[in-house]
Amino acid sequence: MRAAHEDITKRSLVLFAARRQSLQVIPGRPPIVNFQQLRSVRETLRCDFNLTEVALRLHTSQPGVSRHIRELEDELGVVIFERAGKRLTGLTEPGLEVVRVVERLLVEQDNLRRAAEEFTGRDVGRLTVATTHSQARYALPRVVRAFRERFPGVHLNLQQGSPAHIAEWVATGKADIGIATESVGLMPELVTFPGYQWHHQIVVPPEHALLKKRAAPTLADVAAHPIITYDNGLTGRPHIDAAFARQALQPDIVLTAMDADVIKTYVIAGLGVGIIASIAYDPDEDARLAAIDAHHLFEANMTRIAIRRGAHLRKYAYAFIELFAPHLTRDGMEKAIGTPGESYEI
């Protein structure tokens, strides 16, 4: 494999040398680059070097994508992609640096458009918020209602997915804001802000044995029953697993689901004890269930807001965040978004 990699690198260097010989460099002239060339490079990375998929995303032809990439390489005087025949297989060493600059330029292009829109259409536009089912179902309704009353001209898109997808959508510009508990703080392209802290809660049928205990249940008491809770990596599940592991308990998790509505359905059906986010339990709507406080059993969770580092957000985007997390301010967020480093804390 190493020999094959060296062979590809040699061929790239040969191609680079051949292009440099044929390139007519004008002394003192800066490279002439267009955004279509930059988008072709960025999407080639996002599509794992599949130019057919790149062409579909950019609404052009595969030869057109190849031409844009070649033109940019010729203009810059470096080979960006390694090749095996006509296929692109990876990034060259200079390509690694070029793509970082390409990403920054395209982010700034988007920022330029948003800055202009701030003055040409102050309260009109589109806001995409990527979030989990739990946040969209239980935490965001009051925020969305208040936002719609304040910004009726803004079209709001709630894009639901797993925390990993949410982080990816924000990092690649497919979403303006991400709201989730896990994963969003792990990508260096994102800056995150604390939203709110929450705990898990146990839900059981009204006559369940756990309700008859005089003292608050222990983890061992809970582990004595079949358990229904969230899928791995979702809605604080790591803290649930860690709590049992610390006490060397092996819970019998008989069913997992992405959202609390499914968990509650199967608890009502008698399949086991449910462990859900506290915001997912409503005494009126969940009359067929009883809740047991579990803050003493599981570590607290923090839901965070994620924004792409360096992004320019419209005024109404900051307003949405402030409605969701009133302790955050636009000035503080703008400073954090524009400054390399760790996530913002209060």
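Conventions and cut-offs
Residues numbered from 1 in each chain as written. Predicted model: local features only at pLDDT ≥ 70, side-chain atom pairs only at ≥ 80, totals over all residues. Heavy atoms only, no water. Helix = DSSP H or I, 4+ residues; strand = E, 2+ residues; numbered from the N terminus. Buried < 20%, exposed > 50% of the residue type's maximum accessible area, 1.4 Å probe, protein only. Pairing = 2+ DSSP bridges. Axes fitted to C-alpha atoms, helices over the stretch in contact; angles between N-to-C directions. Contact = heavy atoms within 4.5 Å. Parallel < 35°, antiparallel > 145°, perpendicular 65-115°, else oblique. Left-handed = near helix turned anticlockwise from the far one by under 90°. Expected span 1.5 Å × (residues − 1). Polar contact = N/O pair within 3.5 Å; in protein donor to acceptor, adjacent residues only side chain to side chain. Salt bridge = Lys/Arg side-chain N within 4 Å of Asp/Glu carboxyl O.

## Comments concerning unusual backbone geometry
Here is step 1: Here the phi dihedral of aspartate 48 falls at roughly 55°; this positive angle occurs in a residue that is not glycine.
Here is step 2: Locating aspartate 48 in the fold gives a position in the loop between α2 (35-46) and α3 (51-58).
Here is step 3: The residue alanine 248 is not glycine, and still its phi comes out positive at about 55°.
Here is step 4: The residue alanine 248 is located in the loop between α10 (237-246) and β9 (253-257) in this model.
Here is step 5: The exposure class assigned to alanine 248 is exposed, which follows from its relative accessible area of 67%.

## Quick word on the sheet that holds strand β5 (residues 177-180)
Here is step 1: Strand order in the open sheet made by the five strands is β4-β3-β5-β12-β6, with mixed pairing throughout. Two strands lie at the open edges of the sheet, namely β4 (154-160) and β6 (190-198), each paired on one side alone. Adjacent strand axes in the sheet meet at a mean angle of 20°, parallel and antiparallel pairs treated alike.
Here is step 2: Examined bridge by bridge, strand β3 (residues 125-131) and β4 share seven bridges and lie parallel to one another. Bridge assignment links valine 129 to a residue of β4, and that residue is leucine 158.
Here is step 3: Across the face of the sheet, helix α8 (residues 163-171) comes into contact with β3, β4, β5, β6 and β12 (301-308) while running at roughly 165° to β5.
Here is step 4: Packing of helix α13 (residues 330-337) onto the sheet brings it into contact with β6 and β12, and relative to β6 it is tilted by some 135°.

## Examining the packing of α2 against α3
Helix packing for two helices is described by the angle between their axes and how far apart those axes are.
Here is step 1: Where α2 meets α3, the closest approach of the two axes is 9 Å, and the angle between their N-to-C directions is 130°. Viewed along their axes, α2 and α3 adopt a mutual orientation that is oblique. Seen along the crossing, α2 lies across α3 with a hand that is right-handed. Every residue of α3 that contacts α2 at Gln36, Arg39, Ser40, Glu43, Thr44 and Arg46 is listed here: Leu51, Val54, Arg57 and Leu58.

## Some details on α2
Since the α-helix turns once every 3.6 residues, residues separated by three or four places project in the same direction.
Here is step 1: The first and last C-alpha atoms of α2 sit 16 Å apart over 12 residues, in line with the 16 Å expected at 1.5 Å per residue.
Here is step 2: Residues of α2 that are buried: Gln37, Leu38, Ser40, Val41, Arg42, Glu43 and Thr44.
Here is step 3: The opening residue of α2 is asparagine 34, an N-cap whose side-chain oxygen sits 3.0 Å from the backbone nitrogen of glutamine 36.
Here is step 4: Immediately beyond the C-terminal end of α2, within one or two residues, lies aspartate 48, with a positive phi of roughly 55°.

## Examining the pattern of salt bridges
Here is step 1: Inspection of the entire model under this criterion finds 14 salt bridges.
Here is step 2: Ionic pairing is found between arginine 137 and glutamate 285, a salt bridge with its closest N-O pair at 3.4 Å. Residue arginine 137 is found in helix α6 (residues 133-139), and its partner glutamate 285 is found in the loop between β10 (273-277) and β11 (290-293); the two are separated by 148 residues along the sequence.
Here is step 3: Judged by its relative accessible area of 57%, glutamate 285 falls in the exposed class.

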